[in-house]
Amino acid sequence: MRVATALFAALAFGFVAVPLASAQEAPAETEFEAAWSYTIESSCAGWEGVIRQGANYWGGASEGGGTPVRCQNSAITDCGFFAEGVETTDVHGNLIVVGCNYGMGQLIKLYPGAVNDPALLAAHEFGHNWYGHSYNGCASWASPTDVMATTMC
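Below: a short report on this structure. (Residues numbered from 1 in each chain as written. Predicted model: local features only at pLDDT ≥ 70, side-chain atom pairs only at ≥ 80, totals over all residues. Heavy atoms only, no water.)

## Remarks on the overall build of the chain
Stated formally: Every helix listed is a DSSP run of H or I at least four residues long, and every strand listed is a run of E at least two residues long, numbered separately from the N terminus. Type-normalised accessible area, obtained with a 1.4 Å probe on protein chains alone, sets the label of each residue: buried when under 20%, exposed when over 50%, and partly exposed for intermediate values. By definition in these notes, contact holds between two residues if any of their heavy atoms fall within 4.5 Å.
Of regular secondary structure, the chain possesses 4 helices and 6 strands. Starting at the N terminus and ending at the C terminus, the chain contains elements arranged as α-β-α-β-β-β-β-β-α-α. The buried share of the chain, taken over its 153 residues, is 38%. For the chain, the share of sequence-separated contacts (at least 6 apart) that also reach a separation of at least 24 residues comes to 59%.

Structure, rendered in structure tokens:
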């Protein structure tokens with residue numbers, strides 16, 4: 001029985017560890033210069049400036065075509081297995097998803113009113129066009145690796 005339990009634990013660890021180990025780390029500060037584009041949807045009216053700031057963090061961005069960016073005024077509830085989201089806590093201390101990148105650039109959803117730095121939220125989600133989360137902790141502007149942390153604090 002112990003052998004079977006150990007084997008199951010090893011297999012479970014291997015299954016969970018493989019996606020995490022294969023995720024790319026955030027880029028070095030001068031590494032990212034590829035051309036890409038995005039479109040800010042009308043749902044983001046009033047947030048365009050901070051979304052542009054977040055997009056421009058990664059360089060090479062142009063507006064029009066490419067990744068559609070949609071905003072909402074509530075937590076994102078459909079950020080699933082193949083999507084990369086970022087969390088924060090609501091006024092009750094519950095973790096909520098405030099940004100999500102679906103299919104590495106097929107669609108980005110943002111809840112910019114829920115965070116202190118919506119430009120950082122946008123930069124984080126745009127970063128998921130190419131990169132996974134870099135570590136569990138608070139995102140910041142300190143480096144590309146910090147932008148790709150898991151939580152808006």
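## Side note on the nonpolar core
The cut-off we apply is this: Among buried residues, those of type Ala, Val, Leu, Ile, Met, Phe, Trp, Tyr and Cys that are joined through side-chain atoms within 4.5 Å constitute a nonpolar core.
Ranked by internal contacts, the top residues of the largest apolar core, which has 27 residues, are I51, W58, V69, V98, L110, F126 and M152. Mapped by element, the contributors of at least two residues to this core are β1 (36-40), α2 (48-56), β3 (67-71), β5 (95-102), β6 (107-110) and α3 (118-127). Tallying contributions element by element places α3 first for this core, with 5 residues. Among the nonpolar cores identified, the runner-up in size contains 5 residues, and I76, C100, Y102 and L107 belong to it.

## A few points about the pairing of β6
The cut-off we apply is this: Here, any two strands with at least 2 DSSP bridges between them count as paired.
Residues of β6 alternate between two faces, with L107 and K109 on one and I108 and L110 on the opposite face, all of them buried. Here 3 bridges tie β3 to β6, and the two strands are oriented parallel to one another. Bridging across to β6, C71 finds its partner in L110. In this sheet, β6 lies alongside β5 in antiparallel orientation, the contact comprising 4 bridges. Along β6, the bridge assignment pairs C100 with K109. Between β5 and β6, which pair antiparallel in sequence order, lie 4 residues; one of them, G103, sits at a positive phi of approximately 65 degrees.

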